Each structure stands twice: as structure tokens, then as C-alpha cells.
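One letter stands for each residue in the lines below.
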Amino acid sequence: MLGAPVETEEAFTDLPGPGGLFPEEAAHIARAVPVRRAEFATVRHCARTALARLGAPRVPLLPGDRGAPGWPPGFLGSMTHCTGYRAAAVARADALASLGIDAEPDEPLPDPGILRMISLPGERAQLAALTAELPHVSWERLLFSAKESVYKTWFPVTGRWLGFEEAEVTLRPDRPDGGTFTARLLPADSPFRTLSGRFVAEKGLLVTAIALPL
């Protein structure tokens, strides 16, 4: 989805056990349920595999502010996981300003009330039109994923929270299994006015990704 200078790695099953974690990582996740420990280990395996292709050192990748993962000096990236899928995207910090990826099951939102919490009126009108035209995609869930990718791109640059209502997303399908999207950032002091990304809808998954240029 992203191409150079981004390296990515994905997994559709978890590693057997929490092997490969640094002691600091194992301690961080020690009290979590087994499923959470497995996804934590697998997504970090994906991240370290992708980082190794860029020549990055093998170091602990611990969550920091608001859960954003820490990266080796000189590198940046994003991680995501959902049922049946784990992935990481990484790049050198001298190649991109930020990265954001998110994956969700291609299923309706778990609660109909969530849509009003995450969307603006114009976005809801857009979703209705897309659903009528291409009903095989869970467009409301895709909007949620796109906004998650927006936030994951925004936070490392700004260090600030961004609400769902502070980004207006336009989804543009250009093939049966994917397309592009644009997010208009609404905070007056945003360091960038728009973010552009890609999405894929296949294999029962919705995946969105943004690479912010320098």
C-alpha cells in the first residue's frame, strides 16, 4: 500500500508463545490476558522484522504516551492489530515525517451509536452513498480505521490528542478492493491541513495507511 521508503511486515497468526520479547516488553505485558500478550509479541516481531531491513538496531519497542510505540533513534513507524491480523510499517526518520496504519475486521461497527461519535454529518452522507453503491464493504468501519490512521500520523508530530470530530475524511474507491482517502484537519493550529492515504478491503479486513512526507 505504501511502497518505498516504507518497509512493512504482516502476520495472520500469532507467534507460538511470547518468545522474542525483550525483558522490558515482557514485564510491560505480564499482567495481560494470553490473547493480548500474543498479539503484543507478534506485532513487535513484525516491527523488528521490517526495521531490520532498514538496518535498525534490535531494541525494545515499548508503548509511550497514549500507547504510541517507541522506536529506535532515527526511525519511525506504526503498528496495528485486530482479530486475525498484525502489521507494522516503518521508515527512516530522514525519509518521512510520520506514519499511521490501522486494520479492522470488515464488519459493521459493534454498536450503531458509535457512528455518530466518530463522524461528521457530511461523512455520514458520504457513507450512505458508498454503501448504496458498494454494499460489500463496511464503510462505517472503514471510516473509523481511516481516522485511526490519521490520529497515529498526527500524534507523533504534535504530541496532542485529536478527536474524531477534528478530521473530516473523504473516501475514494478506485478499484473493487481499495482506493484512497483524504483527511482535512480542522484544528486551527494544525501543522498540516490535509493528510492523504490508501485503503484496502480484502480477505475480510479493512486496512488504512498514511505516509506523511517531510
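Further up the page is the structure itself.
Residues numbered from 1 in each chain as written. Predicted model: local features only at pLDDT ≥ 70, side-chain atom pairs only at ≥ 80, totals over all residues. Heavy atoms only, no water.

Asks: Mind laying out the overall build of the protein chain, listing which residues take part and the relevant values?
Replies: The helix and strand inventory of the protein chain stands at five helices and eight strands. A compact globule built from 214 residues would reach a C-alpha radius of gyration of about 17 Å, and the protein chain, at 17 Å, matches this within 12%. Projecting the C-alpha coordinates of the protein chain onto the three principal axes gives extents of approximately 50 × 35 × 30 Å. By the burial criterion, 46% of the 214 residues in the protein chain qualify as buried. When contacts within the protein chain are restricted to residue pairs at least 6 apart in sequence, long-range pairs at least 24 apart make up 58% of them. (Helix = DSSP H or I, 4+ residues; strand = E, 2+ residues; numbered from the N terminus. Rg over C-alpha atoms; globule rule 2.2 N^0.38 Å. Buried < 20%, exposed > 50% of the residue type's maximum accessible area, 1.4 Å probe, protein only. Contact = heavy atoms within 4.5 Å.)

Asks: I'd like to hear about the environment of Ile-101, residue by residue, with values.
Replies: Mapped onto the fold, Ile-101 is located in strand β4 (residues 98-105). Spatially, the C-alpha atoms of Ile-101 and Gly-67 are 14 Å apart, while their sequence positions differ by 34 residues.

Asks: Talk me through the pairing of strand β5 (residues 167-175); I want residue IDs and the actual numbers.
Replies: Moving residue by residue along a regular strand, the side chains alternate between the two faces of the sheet. In the sheet, β5 pairs with strand β6 (residues 178-185) via eight bridges, with the strands oriented antiparallel. In the sheet register, Pro-173 faces β6, and the bridge partner there is Gly-179. Hairpin remark: β5 followed by β6, antiparallel, with two residues in the connecting loop. (Pairing = 2+ DSSP bridges.)

Asks: For unusual backbone geometry, give the residues involved together with the corresponding values.
Replies: Of note, the amide linkage connecting Ala-4 to Pro-5 takes the cis form, showing an omega dihedral of 10 degrees. One can find Pro-5 in the segment before β1 (7-11). Within the chain, Lys-203 stands out as a residue other than glycine whose phi angle is a positive 55 degrees. As for its placement among the helices and strands, Lys-203 is situated in the loop between β7 (194-202) and β8 (205-212).

Asks: An account of the side chain of Arg-86 is needed here, citing residue identities and associated values.
Replies: Turning to its location among the elements, Arg-86 is positioned in strand β3 (residues 85-92). With relative accessibility at 7%, the residue Arg-86 sits in the buried group. If we skip the residues at most four places from it in the chain, Arg-86 touches Glu-9, Glu-10, Ala-11, Asp-14, Glu-39, Thr-42, Val-43, Cys-46, Thr-80 and His-81.

Asks: Please provide a residue-by-residue account of the sheet that holds β6, values included.
Replies: Taken together, the five strands give an open sheet; going across it, the order is β4-β8-β7-β6-β5, and neighbouring strands pair in antiparallel fashion. Where the open sheet ends on each side, the last strands, each with one partner, are β4 and β5. Going across the sheet, the axis of each strand differs from the next one's by a mean of 20 degrees, ignoring polarity. Against the sheet, helix α5 (residues 139-158) touches β4, β5, β6, β7 and β8, its axis set at about 155 degrees to β4. (Axes fitted to C-alpha atoms, helices over the stretch in contact; angles between N-to-C directions.)

Asks: Please set out helix α4 (residues 121-133) residue by residue, giving values where relevant.
Replies: Helix length check: α4 (13 residues) gives 19 Å between terminal C-alpha atoms against 18 Å at 1.5 Å per residue, within 8%. For α4, the full list of buried residues reads Glu-123, Gln-126, Leu-127 and Leu-130. Taken end-on, α4 shows its buried residues confined to a sector of 105 degrees, consistent with a single buried face. What points out from α4, more than 90 degrees from its buried face, is the exposed set Pro-121, Ala-125 and Ala-132. The inward-facing, buried residues of α4 contact α3 (114-118), α5 and β5. (Expected span 1.5 Å × (residues − 1). Arc of directions from axis to C-beta.)

Asks: For the sheet that holds β1, give the residues involved together with the corresponding values.
Replies: Pairing is antiparallel in the open sheet, where three strands are placed in the order β1-β3-β2. Among the strands making up the open sheet, the edge pair consists of β1 and β2 (75-82). Averaged over all pairs of adjacent strands, the angle between strand axes in this sheet comes to 10 degrees, irrespective of strand direction. Note: β1 against β3, five bridges, orientation antiparallel. Considered in β3, the bridge of Glu-7 is made with Val-90.

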